[in-house]
Amino acid sequence: MSNQGAGPERELTIRKAGIDDLRLISVLATTSFYEAYFEQDDPHDLANYITESFSHERLSEELQSAETTFLIAFRRGRAVGYAKLRDGEPNESIENKNAVELQRIYLIERAWGTGIGEILLERCISEARSMRKEILWLGVWEENKRGLSFYAKHGFTRVGTLTFPYSDSVGINAVMQIEV
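Reference entry: report on the structure contained in this document. (Residues numbered from 1 in each chain as written. Predicted model: local features only at pLDDT ≥ 70, side-chain atom pairs only at ≥ 80, totals over all residues. Heavy atoms only, no water.)

Following both chains from N to C, one finds helix α2 (residues 22–37) and helix α3 (residues 43–53) inclined at 160 degrees, their axes separated by 10 Å at the closest point. For the element pair α2 / α3, the angle class is roughly antiparallel. The element α2 and its partner α3 pack so that their crossing is right-handed. From α2, T30, F33, Y34 and Y37 reach across to α3, where they touch L46, Y49 and I50. A breakdown of the residues in the contact of α2 with α3 according to their chemical character gives six nonpolar, one polar and no charged. (Axes fitted to C-alpha atoms, helices over the stretch in contact; angles between N-to-C directions. Helix = DSSP H or I, 4+ residues; strand = E, 2+ residues; numbered from the N terminus. Parallel < 35°, antiparallel > 145°, perpendicular 65-115°, else oblique. Left-handed = near helix turned anticlockwise from the far one by under 90°. Contact = heavy atoms within 4.5 Å. Nonpolar A, V, L, I, M, F, W, Y, C, P; charged D, E, K, R; others polar.)

The next subject is the side chain of N173. Inspection of the secondary structure puts N173 in strand β7 (residues 169–179). A polar contact of 3.4 Å, which involves the side chain of N173, links it to the backbone nitrogen of W141. With residues near it in sequence (within four places) discarded, N173 still touches G139, V140, W141, E142, G160, T161, L162 and F164. (Polar contact = N/O pair within 3.5 Å; in protein donor to acceptor, adjacent residues only side chain to side chain.)

This part is about the sheet that holds strand β3 (residues 78–86). Backbone-to-backbone hydrogen bonds join strands into a sheet, with any given pair of strands oriented parallel or antiparallel. In space, the seven strands of this open sheet follow the order β1-β2-β3-β4-β5-β7-β6, with mixed pairing throughout. Unpaired on one side and paired on the other, β1 (12–16) and β6 (157–166) mark the two borders of the sheet. In this sheet, neighbouring strand axes are inclined to one another by 30 degrees on average, regardless of whether the strands run parallel or antiparallel. The pairing of strand β5 (residues 135–141) with β7 spans seven bridges and is antiparallel. Within β7, the position partnered with W141 by the bridge is N173. Docked against the sheet, α2 engages β2 (68–75), β3, β4 (99–107), β5 and β6, running at close to 90 degrees with respect to β3. Together, β4, β5 and β7 form the strand contacts of helix α6 (residues 145–153), whose direction differs from that of β5 by roughly 160 degrees. (Pairing = 2+ DSSP bridges.)

F33, L102 and L136 are the most contacted members of the largest nonpolar core, which totals 47 residues. Setting aside its immediate chain neighbours within four residues, L102 contacts A83, K84, L85, L121, C124, L136, W137 and L138. A99, I135, W137 and V175 belong to the second-largest nonpolar core, a separate cluster that totals six residues. (Core = buried A, V, L, I, M, F, W, Y, C linked by side-chain atoms within 4.5 Å. Buried < 20%, exposed > 50% of the residue type's maximum accessible area, 1.4 Å probe, protein only.)

Turning to helix α5 (residues 116–130), a few remarks are in order. Taking 1.5 Å of rise per residue, the 15 residues of α5 would be expected to cover 21 Å, and the 21 Å separating its terminal C-alpha atoms lies within 8% of that figure. By the burial criterion, the buried members of α5 are I116, G117, L120, L121, C124, I125, E127 and A128. Looking one or two residues past α5, R132 carries a phi angle of roughly 65 degrees, positive in sign. (Expected span 1.5 Å × (residues − 1).)

Here we come to the environment of Y106. Relative to the elements of secondary structure, Y106 occurs in strand β4. In contact with Y106, other than residues within four places in its own chain, are S32, F33, A36, Y37, V80, G81 and Y82. A distance of 3.4 Å separates a polar atom in the side chain of Y106 from a polar atom in the side chain of Y37.

What follows is about the pattern of salt bridges. A complete count under the given rule lists ten salt bridges for this structure. Here E127 and K16 are joined by a salt bridge, their closest N and O atoms 3.4 Å apart. Of this pair, E127 sits in helix α5 while K16 sits in strand β1, and the two are 111 residues apart along the sequence. Residue classification places E127 among the buried positions, given a relative accessible area of 8%. With a shortest N-O distance of 2.8 Å, E101 and R86 are connected by a salt bridge. You can see E101 sitting in strand β4 and its partner R86 sitting in strand β3, a full 15 residues away along the chain. Exposure remark for E101: the relative accessible area of 9% places this residue in the buried category. (Salt bridge = Lys/Arg side-chain N within 4 Å of Asp/Glu carboxyl O.)

Just distances and angles here, no functional claims.
What follows is the structure, encoded as structure tokens:
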């Protein structure tokens, strides 16, 4: 039976990542982050951030942390994106402290506009509910119009800002949340 013409949900699987997925998460994180920001960011800042944030050592610690959940999205068996939830102290803008952070959600560029991002976001919301959280929150760079629009379209509201150290720069992120 062919999946041709089928919606993205019929060709998509999402699963929790484990330590065996370390290299895959590293490659997905590096590729998707670079594709998302290479046109607007200083190349050295981008390279420094990627090297620091997606090193095997750092990702190994995060994958083994009880506070962190990684999800990997596969389309037709090929990894196309991932998400990272972090259960820690929420940003000061989040009044309801029973919250979990959607720290990262990225797709490789050729998966943009396919509906996979929406499905991965819904899975993150489902994970937040299974953690018995009431709020899913995130920070998105104020200049990321695509991201701001995506989250607003899916019910997130802006509740504040946070500073985001980025290599030699500091960005301002909009803090957004949704009740789950």
